[in-house]
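If you want the building blocks of each chain, they are given just below.
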Amino acid sequence: MSKGKVLVAMSGGIDSTVVALMLHKQGYEVIGITMKTWDYASSGSSSKETGCCNIDSFNDARQAAVQHGFPHFILDIRDEFGDFVIENFVEEYIAGRTPNPCVMCNTHIKWRALLKRANALGCDYIATGHYANIHQGEDGRYYLSKGLDSTKDQSYVLWGLEQDLLSRTLLPLGSYHKTEIRQLAADYGYPELAKKSESYEICFVPDNDYRGFLKRRVDGLEERVQGGWFVDKTGKKLGQHNGYPFYTIGQRKGLIAMGHPVYVTHIDPNTNTVVLGDLEDLDKSELRVGQLNWQKYDQIEDGMEVLVKIRYKDKGTMGHLYKEDGQIRVELLAAASGIAPGQSAVFYEGDTVIGGGIIKRQEQFVFS
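Note that this is a predicted model, so its numbers are computed, not measured.

With that out of the way, let us pick up the layout of surface pockets. Any space left empty among the atoms is revealed by the rolling of a water-sized probe across them. Estimated volume of the second largest pocket: approximately 460 Å³. Taken together, 21 residues line the second largest pocket, and the ones lying closest to its centre are Glu286, Leu287, Lys360, Arg361 and Gln362. Of all the secondary-structure elements, those providing two or more residues to the lining of the second largest pocket are β10 (263–268) and β12 (283–294). Of all the elements, β12 adds the most residues to the lining of the second largest pocket, at five residues. Of the residues belonging to the lining of the second largest pocket, the class tally is eight nonpolar, seven polar and six charged.

Turning our eyes to something else, we now look at the packing of aromatic side chains. Per the stated rule, a full pass over the model turns up twelve aromatic pairs. Considering the side-chain rings of Phe89 and Phe213, the 5.8 Å spacing of their centres and the 75° angle between planes classify their relative orientation as edge-to-face. Taken together, the residues span a long stretch of sequence, with Phe89 in helix α3 (residues 78–94) and Phe213 in helix α8 (residues 210–217) at a distance of 124 residues. Residue classification places Phe89 among the buried positions, given a relative accessible area of 1%. A residue is classified by how much of its surface remains accessible, and Phe213, at 5% relative accessible area, is buried. Each member of the aromatic cluster is reached from another via a ring pair, and the members are Trp38, Phe81, Phe89, Tyr93, Phe204, Tyr210 and Phe213. Its guanidinium or amino end placed over the ring of Phe246, Lys215 lies 5.2 Å from that ring's centre, counting from NZ or CZ. When the ring centre of Tyr143 is taken as reference, the NZ or CZ atom of Lys296 above it lies at 5.3 Å.

On to the pattern of salt bridges, then. Counted by the stated rule, this structure contains eleven salt bridges. Arg329 is the salt-bridge partner of Glu331, the closest N and O atoms lying 2.2 Å from each other. The buried category is assigned to Arg329, whose relative accessible area is 15%. Because the salt bridges share partners, they merge into one network encompassing Arg288, Glu324, Arg329 and Glu331.

Taken in spatial order, the four strands line up as β9-β8-β11-β10 in an open sheet, and their pairing is mixed. Of all strands in the sheet, those with a lone pairing partner are β9 (237–240) and β10, marking the two edges. For this sheet, the mean angle separating the axes of adjacent strands, direction not counted, is 30°. Examined bridge by bridge, strand β8 (residues 229–231) and β9 share three bridges and lie antiparallel to one another. If you follow Val231 over to β9, its bridge partner there is Lys237.

Within the secondary structure layout, Gln136 lies in strand β5 (residues 132–136). Overall, Gln136 belongs to the partly exposed group, its relative accessible area being 49%. Between the alpha carbons of Gln136 and Lys296 there is a distance of 8.6 Å; along the sequence they are 160 residues apart. Among the polar contacts listed, one links the side chain of Gln136 to the backbone oxygen of Gly140, at a separation of 3.1 Å.

What counts and what doesn't
- Residues numbered from 1 in each chain as written.
- Predicted model: local features only at pLDDT ≥ 70, side-chain atom pairs only at ≥ 80, totals over all residues.
- Heavy atoms only, no water.
- 1 Å grid on protein atoms, 1.4 Å probe; cavity = no way out; pocket = protein on both sides within 12 Å on 5 of 7 lines; lining within 4 Å.
- Points joined across faces, edges and corners; volume = space filled by probe spheres on them.
- Helix = DSSP H or I, 4+ residues; strand = E, 2+ residues; numbered from the N terminus.
- Nonpolar A, V, L, I, M, F, W, Y, C, P; charged D, E, K, R; others polar.
- Phe/Tyr/Trp six-rings, centres within 6.5 Å; stacked < 30°, edge-to-face > 60°.
- Buried < 20%, exposed > 50% of the residue type's maximum accessible area, 1.4 Å probe, protein only.
- Lys NZ or Arg CZ within 6 Å of the ring centre and 35° of its normal.
- Salt bridge = Lys/Arg side-chain N within 4 Å of Asp/Glu carboxyl O.
- Pairing = 2+ DSSP bridges.
- Axes fitted to C-alpha atoms, helices over the stretch in contact; angles between N-to-C directions.
- Polar contact = N/O pair within 3.5 Å; in protein donor to acceptor, adjacent residues only side chain to side chain.

Spelled out as structure tokens, the structure:
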């Protein structure tokens, strides 16, 4: 007897392929779908594995579906992806912030595109190869928790999933370690897939050169932003730079020779100024977070203590949350280094995701 009909997002990589085969074996009626998000050939990356999938990965996904007797479709979402994810990526850098396009894509594009197609095909669920777990609380709310494999946990990039999406999603890999998934791939008869390396690049920046991407995407950008100044925390000019969009908070390389290590501590797009400082100047104990999505609770109490992660591989810092002008002010119990506007801040209670949002820029940098 079928456990239900599930639409599985298949990139052609090991994780999503194993998910499809695992659910198929468990008795679900599986339909595979591969989403074409970007014109890889036009970016010169058709023969290179990227963070999502290329033409070879499309074929790998289709082959797995055919071999196991379930249907497979390719869904072209290039227009939606480009309009939202890529435009957001460019706009954020132009605004002097550092975006996380994978969060934007998961939150606004991939899951919505999956659910729309799942409804059209009469599917009960959608499933992906992310390493995280989904729970339903006694109050009926759905929320994420960290995956068992702490080195692979992806709950951080899924904070934006809303209740209607979580309620329909299966994440079978949340209770597995990556080594077990590689073994399962071999057991299913895919030894080459089991050895497949992973990429952590942004799918539409296959050479990992976001600066080159911005230059190609925005006509005249270099000319428009060149000639700005590096300054120290007192406002003293240290030398000219290539343009504020080409720098990120915490950056150390490619700056200016000072005789000692310096880091980007602040970016002001209005004056085309990049502030440099010492490592300790990156330490901050307060941040503001907007564009919020709550998972475990529909609202929080002022002063609630949580673990705050400010980047994907961040171990997290304990802090208190305060509601303020439609945003959250976070007071950390210890300073965190490299808090970058545009990145995500995700709030945890133990291993469970309370919610998250986008880190906002401080109103004004005050020179000392």
